[in-house]
Amino acid sequence: MNTKQLFIQTIGCQMNVYDSEQIVSLLKPLWYVSTDALDRADLVVLNTCAIREKAVQKAFSFLGRLAELKRKNPRMIIAVGGCVAQQEGRSMLKRAPILDIVFGTQAVGRLPGMIRRVEARRCRIIDVAVTDGVEEFDIPDADREREGASRFVTIMQGCDNFCTYCVVPYVRGREFSRRPGRILCEIEALVDAGVREVTLLGQNVNSYGKKEGLIPFEALLARINAVDGLHRIRFTTSHPKDLSPGLMSAFADLEKLCAHIHLPVQSGSNAVLNRMHRRYTREDYLEKVRRLRELRPDIAVTSDIIVGFPGESRADFEATLDLVREIEFDGLFAFMYSDRPNAPAARFPDKVTEGEKKERLQELLTLQEQYT
Ligand code: SAH
Ligand code: SF4
Ligand code: F3S
């Protein structure tokens, strides 16, 4: 059987990167090998992100490029997955007539079956089904032989926090943690294949296992720390409200855990934090960072901040600048607030103008340059 060429384009967070890696592995038994040459691809998979309007536009502009290619090569199969696919569902097929497959965030394991069907008889398929569980699927062992000593491992999916600006709970579904045994098996297999560092992924790893009554996140970390041959452990993302004393202590106790925490604060104003539904205060945040630095003096703290959330006054923004000065983050990702169709903040009054958002973003980035 001749091999076929797979081009995979990934937009968005590390979860999408992990999903794309899974897709590459899952498609090997169907004779697909990865290529960097888009014009020679037999199958193009676009993995999308819906977090901000810009990311959505990126996906549609890539589809525009594909339309051109598909005219030249009508046999090219085009599949769109990820968070935009989940959000748009069937309307995606209408909006982009070149699409053969639309698959949602929980349909990754079913993608090979969909591709087989399209190969056999050109049809259009949509699968954006979501359930409350997590579908575990086996990755063929040989397909783990990829280059590089560092790998992502998703330990939980979805999110139940419903921050008022955020689309994730609507496109990734309910929070659900994978069982420790499955996670450890996956990591042990990676280590056998030469991997030395893993980054554990979840929208809110600090609440790992709570809902299902599994072991707490710090206990999972301790078990991973004991895996022979593994050198380094990282994780992302942590929600400040769930950063427990036990997890903070892990930074002092576990020698393989890297001295870095990404702890998105979003705003330094309590009024804004409250309307964002973040469920911690500026004071809670400062105290947690102080404690982390006490336990692990060399810890690097990085964060995300949104500027121009609806109703953010100049004084609210000043409070954010003030917090940035107080903490001196080692790295900062700053975003202009963007309305998301499903998220409640889209309907909040007192929107900040685009011009004002741009100015605030610039001011924040200029301040942060002093510390990075
Ligand atoms: N689960 C992670 C965040 C995932 S989204 C957490 O809770 O920290 C990554 C970042 O995108 C967020 O931290 C936030 O700063 C930003 N973001 C999310 N929704 C946004 C929106 N509507 N507009 C602008 N930035 C947004
Ligand atoms: Fe979005 Fe909040 Fe969940 Fe993070 S914790 S994914 S920001 S809803
Ligand atoms: Fe984007 Fe989906 Fe990740 S919306 S940030 S790819 S969970």
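All values reported here derive from a predicted model rather than from experimental measurement.

Conventions adopted
Residues numbered from 1 in each chain as written. Chains lettered and ligands numbered in written order. Predicted model: local features only at pLDDT ≥ 70, side-chain atom pairs only at ≥ 80, totals over all residues. Heavy atoms only, no water. Helix = DSSP H or I, 4+ residues; strand = E, 2+ residues; numbered from the N terminus. Rg over C-alpha atoms; globule rule 2.2 N^0.38 Å. Contact = heavy atoms within 4.5 Å. Areas by Shrake-Rupley, 256 points an atom, 1.4 Å probe, with all protein chains shown as cover. Axes fitted to C-alpha atoms, helices over the stretch in contact; angles between N-to-C directions. Parallel < 35°, antiparallel > 145°, perpendicular 65-115°, else oblique. Nonpolar A, V, L, I, M, F, W, Y, C, P; charged D, E, K, R; others polar. Core = buried A, V, L, I, M, F, W, Y, C linked by side-chain atoms within 4.5 Å. Buried < 20%, exposed > 50% of the residue type's maximum accessible area, 1.4 Å probe, protein only. Near = heavy atom within 4 Å. Polar contact = N/O pair within 3.5 Å; in protein donor to acceptor, adjacent residues only side chain to side chain. Expected span 1.5 Å × (residues − 1). Phe/Tyr/Trp six-rings, centres within 6.5 Å; stacked < 30°, edge-to-face > 60°. Pairing = 2+ DSSP bridges.

**Q** What exactly am I supposed to notice about the overall build of the chain here?
**A** When helices and strands are counted, the chain shows 13 helices and 14 strands. Computed over the C-alpha atoms, the radius of gyration of the chain is 22 Å, within 12% of the 21 Å expected from 2.2 N^0.38 for a compact globule of 372 residues. Based on the C-alpha atoms only, the size of the chain along its principal axes is roughly 60 × 50 × 35 Å. Long-range pairs, those at least 24 residues apart, make up 76% of the contacts in the chain with a sequence separation of at least 6. When the accessible area of the chain is evaluated, it comes to approximately 16,500 Å², of which 51% is carbon and sulfur surface.

**Q** I tried to follow the packing of helix 11 (residues 282–295) against helix 12 (residues 314–327) on my own but got confused; where do I start?
**A** Think of two packed helices as two axes; the pair is described by the angle between the axes and how far apart they sit. Contact geometry for helix 11 and helix 12: axes closest at 11 Å, N-to-C directions at 10°. If you check the angle between helix 11 and helix 12, you find them roughly parallel. Contact with helix 11, carried on its side by Arg 282, Tyr 285, Leu 286, Val 289 and Arg 293, involves Ala 319, Asp 322, Leu 323, Glu 326 and Ile 327 of helix 12 and no other residues of that element. Residue composition of the contact of helix 11 with helix 12, grouped by class: six nonpolar, no polar and four charged.

**Q** Can you walk me through the nonpolar core in this structure?
**A** Nonpolar side chains in soluble globular proteins tend to be buried together. Of all hydrophobic cores here, the largest spans 53 residues; its most connected members are Ile 155, Leu 200, Phe 217, Leu 221, Ile 224 and Tyr 285. When neighbours within four sequence positions are excluded, Phe 217 is seen to be in contact with Ile 155, Leu 200, Val 205, Tyr 208, Phe 235 and Leu 247. Among the nonpolar cores identified, the runner-up in size contains 30 residues, and Ala 41, Ala 50, Val 56 and Leu 66 belong to it.

**Q** Honestly, the packing of helix 8 (residues 217–225) against helix 9 (residues 245–253) in this entry has me stumped. Any pointers?
**A** Here helix 8 crosses helix 9 at 25°, and the two axes come no closer than 8 Å. Comparing their axes, helix 9 and helix 8 come out roughly parallel. Contact residues: Phe 217, Glu 218 and Leu 221 in helix 8; Gly 246, Leu 247 and Ala 250 in helix 9.

**Q** How should the site of ligand 1 be read in this particular structure?
**A** Close to ligand 1 lie 15 residues; Arg 52, Gln 203, Gln 266, Asp 304 and Ser 338 are nearest. In this structure, an oxygen atom belonging to ligand 1 sits 2.7 Å away from a side-chain N or O atom of Gln 266. Taking Ser 338, its main chain carries an N or O atom lying 2.8 Å from a nitrogen atom of ligand 1. Protein burial of ligand 1: of its 540 Å² of free accessible surface, 90% is covered by the chains. Every element with two or more residues in the shell around ligand 1 is listed here: strand 13 (300–307) and strand 14 (331–336).

**Q** Teacher, can you tell me more about helix 1 (residues 14–27) here?
**A** Working note: α-helix, 3.6 residues per turn, so residues spaced by three or four point in the same direction. For helix 1, spanning 14 residues, the distance from its first C-alpha to its last is 20 Å, which sits close to the expected 20 Å at 1.5 Å a residue. Of the residues making up helix 1, those classed as buried are Met 15, Asn 16, Tyr 18, Asp 19, Ser 20, Glu 21, Gln 22, Ile 23, Val 24, Ser 25, Leu 26 and Leu 27.

**Q** Sorry, what's going on with the packing of aromatic side chains here?
**A** By convention here, two paired aromatic rings are described through the distance between centres and the angle between planes. Under the criterion given, the structure shown has ten aromatic pairs. When the ring of Phe 7 is compared with that of Phe 62, the centres are 6.4 Å apart and the planes differ by 15°; the resulting orientation is stacked. Taken together, the residues span a long stretch of sequence, with Phe 7 in strand 1 (residues 4–10) and Phe 62 in helix 2 (residues 53–72) at a distance of 55 residues. When its relative accessible area of 11% is taken as the criterion, Phe 7 is described as buried. Centre to centre, the rings of Phe 309 and Tyr 337 are 5.5 Å apart; their planes meet at 75°, and the pair counts as edge-to-face. Placement of the pair is Phe 309 in the loop between strand 13 and helix 12 and Tyr 337 in the loop between strand 14 and helix 13 (354–369), with a sequence separation of 28 residues.

**Q** What is the right way to look at the sheet that holds strand 11 (residues 232–236) in this model?
**A** The strands that make up a sheet are held in pairs by hydrogen bonds between backbone atoms, and each pair lies either parallel or antiparallel. With parallel pairing, the three strands of this open sheet are ordered in space as 7-10-11. Of all the strands in the sheet, the pair left with one neighbour each is strand 7 (150–154) and strand 11. Taken pair by pair, the neighbouring strands of this sheet meet at an average axis angle of 25°, ignoring direction. Here helix 7 (residues 180–192) sits on the sheet and contacts strand 7 and strand 10 (197–201); the angle it forms with strand 7, its principal contact strand, is near 165°. Seen against the sheet, helix 8 touches strand 10 and strand 11 and runs at an angle of roughly 155° to strand 11.

**Q** For this particular structure, what's the right way to read the site of ligand 2?
**A** Taken together, Cys 159, Asn 161, Phe 162, Cys 163, Tyr 165, Cys 166, Val 168, Pro 169, Gln 203, His 239 and Arg 278 make up the full set of residues adjacent to ligand 2. Residues belonging to the shell around ligand 2 are distributed by class as follows: seven nonpolar, three polar and one charged.

By themselves these figures say nothing about function.
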